[in-house]
Amino acid sequence: MGIFFDPEVWGIAWPPIRSGILITLALALASIAAGTAAGFALSLARTLPVRRLAAAIVVYSDAFRAFPPLVLLVVLYFAAPFAGIELSGFAASFLALALVLAASAEEIFWAGLTSVRRGQWEAALSTGMSRAATLRRVILPQAVRLTIPPLTNRAIATGKNTALASVVAVPEVLNQAASIQAQTASPAPLLLAAVVYVALFLPLVRLGRWLEDRFPSP
Amino acid sequence: MASIFETFLNGEVMLESAGLLLRGLLVTLEVSVLVIPGGIAVGAALATAASVAPPWLDRALSWGVDLVRAFPPLVLLVLIVHGLPFLGLEPPPLLGVAIALTVNTAAYYGEILRAGIASIDRAQWEAARSTGLSTPGVLRFVILPQAVRNVLPDLAGNTLEAAKLTALASAVALPDLLRMARIAQGVHFNPSPLVLAAILYLLFLWPLAGVVRRIGGRTTLPV
């Protein structure tokens, strides 16, 4: 058991893992921001009265929620070069995580938008507001409340999925821990990485739980 | 256009790698068959234990579940598969992967079932007890059937997530569908096996996603 807590190996592993934390955070924040924004844009596009566009968005959303993120990442990283698209490990991971999050976020925003009753649209439009103003001033403020807990949970899942980037050699926390583990033949770096992940995500998991109690879904 | 087909949907390469991919698909199915029922069983045990436990134990269980949920599944997998040998335990690779993924997914199943049990009015417990049913009998015949029905959409959503998790097995060198596709790609220096694997994943998982959508499941799970 002591080998897991070998202080010497923890000392060797800490500097690379610390630099890995920055990459984990950068990848997480970039893909959460891009994925949420893209999902929001898609859900708004789905409200437009263009049936084909809405159908295409539904297909996208279903396909990318069905697809394991790691499979998407591996395809982007190892297959795209054959089409002349060379993505760095970081870029491929960012793209995979953002595409997957966008699919879930679209569905969450859409559920929020459709939860607002039809009468709210009619009432707002009847006051002379434009469609855009109705959406912005009446519908969205009510819709967003419902989207907060599931969106938080999806964002946390995306943050945790940054560990997948280790598979395409991005030097984030897990990747750094695995290479130190190989060098030192000790499981201690992996345990240190586990501690780092728990420190990063346990508060967020508790926050997600609290939000679910605070804004219960109807 | 022809060259894109030759590169990504090369029939010859796909045919030659079909045997390898099929073997990988079987391993992926084996992992799913171990992890999904295993996760449901452990999750149900957690949820029922929490429902009859004193408050302090209930709180301890909820922290334990959150601790597991704070781990990226891949980190849990690597820690268990590469860590167990240092404790003198060397389970076969398939078993190591199954244990890690079951631990992960059981935390989510447990949380969903706990919410289901909490959705049943406390008076039902008392009414059922007053008919002479034992506590396990109350759970089995009265509480759980209703609880499961109330959270069926979330259970379906988590089953989709659990099935998607199986692809992680490739990262610890289990010869599953994704791993075999990578090997075949290396042999042929052509990405068609990867494309074929992606199509196979979609073939299995898309219908499941459709079921989840139809029964109104949130595909947005509790964390």
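If you're wondering where the values come from, they're calculated on a predicted model, not measured in any experiment.

Novice: What is the right way to look at the interface of chain A and chain B in this model?
Specialist: Often, the extent of an interface is quoted as the loss of accessible area upon association of its parts. Listed by partner, the interface residues are 49 residues for chain A and 48 residues for chain B. Contact between chain A and chain B buries roughly 4400 Å² in total, counting both sides, with carbon and sulfur atoms accounting for 72%. For chain A, the biggest contributors to the area lost against chain B are Phe 82, Lys 160 and Arg 209 of chain A; these three give 15% of the whole. Our count for the contact surface shared by chain A and chain B stands at 5 salt bridges. Among the salt bridges present, the one from Arg 213 of chain B reaches Glu 107 of chain A, with a minimum N-O distance of 3.3 Å. Our enumeration of links across chain A and chain B arrives at 10 residue pairs in polar contact (both at pLDDT 80 or more). Listed by contribution, the elements that provide at least two residues to the side of chain A that touches chain B are helix 2 (51–66), helix 3 (69–79), helix 4 (89–115), helix 6 (131–161), helix 7 (173–184) and helix 8 (188–214) of chain A. For the side of chain A that touches chain B, the leading source of residues is helix 8 of chain A, giving 11 residues. By residue class, the composition of the side of chain A that touches chain B is 35 nonpolar, 5 polar and 9 charged.

Novice: Whenever I open this one, the pattern of salt bridges confuses me. Can you help?
Specialist: A side chain with one charge may pair with a side chain of the opposite charge, provided their charged atoms come close. All names here are of chain B. Enumeration according to the criterion identifies 13 salt bridges over all chains in this entry. A salt bridge links Arg 114 to Asp 58, with the nearest nitrogen and oxygen atoms 2.7 Å apart. Separated by 56 residues along the polypeptide, Arg 114 in helix 5 (residues 93–118) and Asp 58 in helix 3 (residues 55–70) bring together distant segments of the chain. Of the charged contacts in the structure, one is a salt bridge between Arg 114 and Glu 111, with a shortest N-O distance of 3.7 Å. Of the two residues, Arg 114 and Glu 111 are both situated in helix 5; the distance of 3 residues between them amounts to about one turn of the helix. Here Arg 114 matches Glu 111 in class, with each residue buried.

Novice: Which parts of the structure should I look at to understand the confidence of the model for chain B?
Specialist: For any part of a model where pLDDT is low, the fine detail of the predicted coordinates should not be relied upon. Residues and elements named next belong to chain B. Averaged over every residue, the pLDDT of chain B is 91; residues scoring 70 or more account for 96%. Per-element averaging of pLDDT across chain B places helix 1 (residues 2–8) at the bottom with 78 and helix 5 at the top with 95. Counting interchain partners and residues more than four positions distant, the pLDDT-below-50 stretch residues 218–223 has 29 contacts. Complex prediction metrics read pTM 0.90 and ipTM 0.90.

Novice: Looking at this structure, I do not really get the environment of Pro 216 of chain A. What am I missing?
Specialist: Within the secondary structure layout, Pro 216 of chain A lies in the segment after helix 8. For the pair Pro 216 of chain A and Arg 117 of chain A, spaced 99 residues apart in sequence, the C-alpha to C-alpha distance is 18 Å.

Novice: What exactly am I supposed to notice about the side chain of Thr 166 of chain B here?
Specialist: All names here are of chain B. For Thr 166, the position within the fold is in the loop between helix 8 (152–165) and helix 9 (177–188). Only 2.7 Å separates the side chain of Thr 166 from the backbone oxygen of Ala 163, close enough to count as a polar contact. Every residue in contact with Thr 166, bar those within four places of it in the chain, is listed here: Thr 28, Val 31, Ser 32, Leu 101 and Asp 176.

Novice: I keep staring at helix 1 (residues 7–47) of chain A and nothing clicks. Help me out?
Specialist: Think of an α-helix as turning once every 3.6 residues; residues three or four places apart then point the same way. Residue and element names in this part refer to chain A. For helix 1, with 41 residues, the first-to-last C-alpha span of 57 Å sits near the 60 Å given by 1.5 Å per residue. Taking the largest bend as the criterion, helix 1 deviates by roughly 40 degrees, centred on Trp 14, and proline Pro 15 comes between one and four positions later. Two to three positions downstream of the cap, the backbone nitrogen of Glu 8 sits 3.0 Å from a side-chain oxygen, assigning the N-cap of helix 1 to Asp 6.

Novice: Got a minute to help me understand helix 7 of chain A in this structure?
Specialist: In this model helix 7 of chain A runs 16 Å from its N-terminal to its C-terminal C-alpha over 12 residues, within 8% of the 16 Å that 1.5 Å per residue would give. Among all positions of helix 7 of chain A, only Val 173, Leu 174, Asn 175, Gln 176, Ala 177, Ile 180 and Gln 181 of chain A are buried. Contacts made by the buried residues of helix 7 of chain A are with helix 1 and helix 8 of chain A together with helix 4 (73–83) of chain B. Ala 185 of chain A lies just past helix 7 of chain A and shows a positive phi near 50 degrees.

Novice: Even after reading the chapter, I still don't get the nonpolar core, so can you show me in this structure?
Specialist: The nonpolar side chains of a soluble globular protein tend to be buried with one another. In terms of nonpolar packing, the biggest core is built from 105 residues, with Leu 77 and Val 97 of chain B touching the most fellow members. Top element by residues in this core is helix 8 of chain A. It accounts for 11 residues. Each residue touching Leu 77 of chain B, except ones within four places of it in the same chain, is listed here: Val 97, Ala 100, Leu 101, Leu 168, Ala 169 and Val 172 of chain B. Within the second largest apolar cluster, 9 residues are counted, among which are Leu 113, Ala 124, Leu 140 and Ala 143 of chain A.

Rules behind the numbers
In this convention, every chain numbers its residues from 1, walking through the sequence in written order. Lettering of chains starts at A and numbering of ligands starts at 1, both following the order in which they are written. Local features in this predicted model are restricted to residues of pLDDT 70 or higher, and side-chain atom pairs are both shown and tallied only at a pLDDT of 80 or more, whereas totals for entire chains, interfaces and linings draw on every residue. Water and hydrogen atoms were dropped before computing side-chain values, which therefore reflect all heavy atoms in the structure. Every residue pair with non-hydrogen atoms within 4.5 Å of one another is taken to be in contact. Accessible area that two parts lose when put together, with a 1.4 Å probe and added across both, is what the buried area reports. A side-chain nitrogen of Lys or Arg and a carboxyl oxygen of Asp or Glu constitute a salt bridge if their distance falls within 4 Å. Two N or O atoms form a polar contact when they lie within 3.5 Å of each other; inside protein one atom must be a possible hydrogen donor and the other a possible acceptor, and for residues adjacent in sequence the pair counts only when both atoms belong to side chains. Helix and strand definitions here come from DSSP, where helices need a minimum of 4 consecutive H or I residues and strands a minimum of 2 consecutive E residues; each element is numbered from the N-terminal end. Three classes are used, and their members are as follows: Ala, Val, Leu, Ile, Met, Phe, Trp, Tyr, Cys and Pro are nonpolar, Asp, Glu, Lys and Arg are charged, and the others, Gly among them, are polar. Three exposure classes are used, based on accessible area relative to the maximum for each residue type with a 1.4 Å probe and protein chains only: buried under 20%, partly exposed in between, and exposed over 50%. What pLDDT reports is the predictor's confidence in each residue, on a scale of 0 through 100. Helices are assigned an expected span. That span is 1.5 Å times one less than the residue count. Working definition for bend: take the seven residues up to and ending at a residue and the seven starting at it, fit an axis to each, and measure the angle between the axes. The set of buried Ala, Val, Leu, Ile, Met, Phe, Trp, Tyr and Cys residues whose side-chain atoms join them within 4.5 Å is what this entry labels a nonpolar core.

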